[in-house]
Amino acid sequence: LTLKKPTASLTANLGLSIGQAGIYWAERGMVTDSTEWTHLGVVLVGTGSVTDEAPTKTDINVEEFDTPIYSIWDKASGMVYEGDIPDLSLDSAIKLLGAEKNVSYDNVVGLTGQTFVKEGMFWLQSENGRGIVFTNASLVANISGNATKTETLNIHIQVTANAGGGAGFEEKAVMLIG
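Residues numbered from 1 in each chain as written. Predicted model: local features only at pLDDT ≥ 70, side-chain atom pairs only at ≥ 80, totals over all residues. Heavy atoms only, no water.

## What about the nonpolar core?
A general tendency of soluble globular proteins is for nonpolar side chains to be buried together. Core analysis: the largest hydrophobic core is formed by 20 residues, its most contacted members being Ile23, Tyr81, Phe122, Phe134, Ile157 and Val159. Counting residues per element, the ones that place at least two in this core are β1 (22–26), β6 (80–85), α1 (90–97), β9 (118–125), β10 (131–145) and β11 (153–161). Here isoleucine 23 is in contact with Thr38, His39, Leu40, Gly41, Val43, Tyr81, Ile85, Phe122, Trp123, Leu124 and Ile157, once residues within four sequence places are set aside. (Core = buried A, V, L, I, M, F, W, Y, C linked by side-chain atoms within 4.5 Å. Buried < 20%, exposed > 50% of the residue type's maximum accessible area, 1.4 Å probe, protein only. Helix = DSSP H or I, 4+ residues; strand = E, 2+ residues; numbered from the N terminus. Contact = heavy atoms within 4.5 Å.)

## Digging into the environment of arginine 28
Mapped onto the elements of the fold, arginine 28 is located in the loop between β1 and β2 (38–39). Expressed as a C-alpha distance, the spacing of arginine 28 and threonine 135, which sit 107 residues apart in the sequence, is 6.8 Å. Residue contacts for arginine 28: discarding those within four places in its chain leaves Gly120, Met121, Thr135, Asn136, Ala163, Gly164, Gly165 and Phe169. One polar contact links the side chain of arginine 28 to the main-chain carbonyl oxygen of threonine 135, over a distance of 3.4 Å. Only 2.8 Å separates the side chain of arginine 28 from the backbone oxygen of glycine 165, close enough to count as a polar contact. (Polar contact = N/O pair within 3.5 Å; in protein donor to acceptor, adjacent residues only side chain to side chain.)

## Some thoughts on a nonpolar patch on the surface
Residues Ile60, Phe65, Ile69, Tyr70 and Ile72 make up a contiguous nonpolar surface patch of about 510 Å² in total accessible area. Locating phenylalanine 65 in the fold gives a position in the loop between β4 (56–60) and β5 (70–74). Taking relative accessible area as the criterion, phenylalanine 65 reaches 53% and is therefore assigned exposed. (Patch = residues over 30% accessible without salt bridge, like charges linked within 9 Å, V, L, I, M, F, W, Y side chains within 5 Å. Areas by Shrake-Rupley, 256 points an atom, 1.4 Å probe, with all protein chains shown as cover. Salt bridge = Lys/Arg side-chain N within 4 Å of Asp/Glu carboxyl O.)

## Comments concerning the packing of aromatic side chains
Tallying each qualifying case throughout the model produces four aromatic pairs. Relative to phenylalanine 122, the ring of tyrosine 81 has its centre 5.1 Å away and its plane inclined at 40°; by these criteria the two rings are tilted. Linking tyrosine 81 in strand β6 with phenylalanine 122 in strand β9, this pair joins segments that are 41 residues apart in sequence. Phenylalanine 122 carries the same exposure label as tyrosine 81, and that label is buried. Between phenylalanine 122 and phenylalanine 134, the aromatic rings sit 5.5 Å apart at their centres with planes inclined by 55°, giving tilted as the arrangement. Of this pair, phenylalanine 122 sits in strand β9 while phenylalanine 134 sits in strand β10; the two residues are 12 residues apart in sequence, bridging distant segments of the chain. Owing to a relative accessible area of 1%, phenylalanine 122 belongs among the buried residues under this scheme. The class of phenylalanine 134 is buried, set by a relative accessible area of 2%. What links up through ring pairs into an aromatic cluster is the set Tyr24, Trp37 and Trp123. Arginine 28 extends its terminal NZ or CZ atom over the ring of phenylalanine 169, reaching a point 3.9 Å from the ring centre. (Phe/Tyr/Trp six-rings, centres within 6.5 Å; stacked < 30°, edge-to-face > 60°. Lys NZ or Arg CZ within 6 Å of the ring centre and 35° of its normal.)

## Quick notes on the pattern of salt bridges
Where charged atoms from two side chains of opposite charge approach closely, those side chains can pair. One pass over the full model with this rule turns up two salt bridges. For aspartate 59, the salt bridge identified is with lysine 57, shortest N-O distance 3.6 Å. On the basis of relative accessibility, which here comes to 31%, the residue aspartate 59 falls in the partly exposed class. Between glutamate 171 and lysine 172 there is a salt bridge whose closest N-O contact spans 3.7 Å.

## Some remarks on the side chain of serine 92
Following the sequence through the fold, serine 92 ends up in helix α1. Of the residues examined, serine 92 reaches a relative accessible area of 4% and is grouped as buried. Not counting chain neighbours up to four residues away, the residues in contact with serine 92 comprise Asp87, Leu97 and Ile155.

This is the structure in structure tokens:
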């Protein structure tokens, strides 16, 4: 047996997604050139992360065999993006935390105390033009961080990809842009 070496370079077509160029939000719908994306904010170095839980396997075993007769693969949860936005401005509080303007003061917003869930599409853009779009996303946020001389209070966001599909929406829950 002789194995033939590939003729192309192994690194020539790697789909590396390097760095984070921005995080954006849009109304849920179809991803097109005319989709209006809103910049969510800048993210602290080292806090932006994407996790995609590995599927779990359930084996169907019978007494007569040492190996499973069938395996069921289940994806427990969707892909998740998390990051810390060092911006407690009133606009960010309204956009990400669901804060409401105070009727008596222009420079005050109030948090409802309830979990605010923002529904739409989320785009994580990489520095080299690649990226990930959650076509049906839920964003929740909370204030986190440290109020010290060297650290910031932040709006911590967690964006979860939900199932895609439905009339007028993208069929797939997650799209890779490349």
